[in-house]
Amino acid sequence: MRITVLGAGAWGTALAMAAARHHPVQLWARDAAQAAHMQAVRSNPRYLPDLAWPAPLTATPDWDAAMRHASHDDGLFIIGTPMAALRATLAALPTHARVFWLCKGFEAGTGLLGHEIAAQVLPHGRVGVLSGPSFAQEVATGQPTALVASSFDAELTRLAVTALHSDALRIYTSDDPVGVAVGGAVKNVLAIATGISDGLNLGLNARAALITRGLAEMSRLGVAMGARLDTFMGLTGLGDLVLTATGDLSRNRRVGLLLAEGLALPDVLARLGHVAEGVYSAKTVAQRAAALGVDMPLTAAVNAVLDGRETPRQAVERLMRRDARAEATQTRSAATPQTPPPPPHC
């Protein structure tokens, strides 16, 4: 296959390296100097230093060349930009492109998920989302990883398997891109919450409670948006949440840890040096939930801290003062019909 990866950050580069173990891959970088340097040293020193590229991987700043590379019957585009650039990138692709994106979140301002954006700007494209519990560093070094390729187009998901499945990278398929996208968006916000908890030394009990109740929040929102409940028990729900909330390589978790130290958000972001999608999607997640009447107290607490309306300690105290309630929820998959009551005399 001929694969073009758009975006030379850590995650885009890692997927390009994984794909290039079996296919010719072009990695497009917006910065011409960065592209030339990567091509010369055969690595990405800025984001994945000291990791050598497979021979079939080349870097280019030439957009037209990147488009030509994957504009064939055996071509596939993979977008590795932040969520904020997804709309413009999709709009610039060939009309009937086959494309997956790696970014996770809701679009700021519109509150749209990736497939909703694609319906507006690339209506004739064949599109999907590639997500799951994965740190770029581990994918780039060939450590075992499992991802989910999700689309309403079953043939497209099979194409992702052909492009990326290997001994080190297992690709599952899903026909629930709504659930996969919601899981990827919300887990980043919940990772900030868990980082705050760990930064305040609230203990392992609190961490387990946050992850569990966060999964309930994620599921409520997803089902309200039309996702299947079982999606959130899989790799892009529970799996990605556990990794991002507890893994030391998690940027969103790091945001929470630094906020718990008392740093202001601008200082946190300056120290981080990378995009942490949870910071930008937290408000949009809350807005989408409010529009659907979905209760998301952990997301609300994260927003209060990010906005400076509460300190991390105050947000925790407010959560603990919430009224007691039954743990079980009424969340039900919209795709699963409710079981009718039995007849009176059976």
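Residues numbered from 1 in each chain as written. Predicted model: local features only at pLDDT ≥ 70, side-chain atom pairs only at ≥ 80, totals over all residues. Heavy atoms only, no water.

*Asks:* Explain the pattern of salt bridges to me, and be specific about the residues and the numbers.
*Replies:* Scanning all chains against the criterion turns up 15 salt bridges. Of the charged contacts, one joins Lys104 and Asp240 as a salt bridge, the two residues approaching to 2.7 Å between their closest N and O atoms. Taken as a pair, Lys104 in the loop between strand E5 (98–101) and helix H5 (114–121) and Asp240 in helix H10 (residues 235–246) lie far apart in primary sequence, 136 residues in all. Across the pair, Asp240 and Lys104 agree in class, each one buried. (Salt bridge = Lys/Arg side-chain N within 4 Å of Asp/Glu carboxyl O. Helix = DSSP H or I, 4+ residues; strand = E, 2+ residues; numbered from the N terminus. Buried < 20%, exposed > 50% of the residue type's maximum accessible area, 1.4 Å probe, protein only.)

*Asks:* Can you lay out helix H9 (residues 204–224) for me, pointing to particular residues and giving the numbers?
*Replies:* Over its 21 residues, H9 extends 30 Å from the first C-alpha to the last, a length consistent with the 30 Å expected when each residue adds 1.5 Å. Burial in H9 covers these residues: Leu210, Ile211, Gly214, Leu215, Ala216, Glu217, Met218, Ser219, Arg220, Leu221, Gly222 and Val223. In this structure, the buried side of H9 is in contact with helix H8 (177–199), H10, helix H13 (277–292) and helix H14 (297–306). Looking one or two residues past H9, Gly226 carries a phi angle of roughly 105 degrees, positive in sign. (Expected span 1.5 Å × (residues − 1). Contact = heavy atoms within 4.5 Å.)

*Asks:* Outline the pairing of strand E8 (residues 169–174), listing residues and values.
*Replies:* Of the strand pairs in this sheet, strand E7 (residues 145–150) and E8 are connected by six bridges, and their pairing is parallel. Within the sheet, the bridge partner assigned to Leu147 lies in E8 and is Ile171. Each parallel crossover has a hand, and for E7 linked through helix H7 (residues 154–164) to E8 it is right-handed. (Pairing = 2+ DSSP bridges. Right-handed = clockwise from strand over helix to strand, strands pointing away.)

*Asks:* Could you give an account of the side chain of Lys104, naming the residues involved and the relevant values?
*Replies:* Judged by relative accessible area, which is 13%, Lys104 ranks as buried. Here Gly132 takes part through its backbone oxygen, which lies 3.3 Å from a polar atom of the side chain of Lys104. Leaving out residues up to four positions away in the same chain, Lys104 has contacts with Met83, Ser131, Gly132, Gly184, Ala185, Lys187, Asn188, Asp240 and Glu277. (Polar contact = N/O pair within 3.5 Å; in protein donor to acceptor, adjacent residues only side chain to side chain.)

*Asks:* Describe in detail the environment of Phe152, supporting the description with residues and values.
*Replies:* Tracing the backbone through its elements, the reader meets Phe152 in the loop between E7 and H7. C-alpha of Phe152 to C-alpha of Thr13: the two residues are 139 residues apart in sequence and 26 Å apart in space. If we skip the residues at most four places from it in the chain, Phe152 touches His115, Asp175, Pro177 and Val178.

*Asks:* Let's hear about the nonpolar core: which residues, and what values?
*Replies:* Within the largest apolar cluster, 44 residues are counted, with the highest numbers of intra-cluster contacts made by Phe106, Val182, Val186, Leu221, Val255 and Leu259. For this core, the elements supplying multiple residues, two or more each, are H8, H9, H10, helix H11 (251–260), helix H12 (265–272), H13 and H14. Here the element with the most residues in this core is H8; it accounts for 10 residues. Those residues in contact with Leu221 that lie beyond four places of it in its chain are Phe106, Val182, Val186, Val285, Arg288, Ala289, Leu292, Val294 and Met296. Counting 40 residues, the second largest nonpolar core, distinct from the first, contains Ala59, Ala160, Leu164 and Leu169. (Core = buried A, V, L, I, M, F, W, Y, C linked by side-chain atoms within 4.5 Å.)

*Asks:* Go over unusual backbone geometry, please, and point to the residues and values.
*Replies:* Located in the positive-phi region is Arg42, a residue other than glycine, with phi close to 60 degrees. Structurally, Arg42 can be placed in the loop between helix H2 (32–41) and strand E3 (57–60). Positive phi outside glycine occurs at Asp50, with the angle close to 70 degrees. Relative to the assigned elements, Asp50 resides in the loop between H2 and E3.

Geometric values such as these leave the question of function open.
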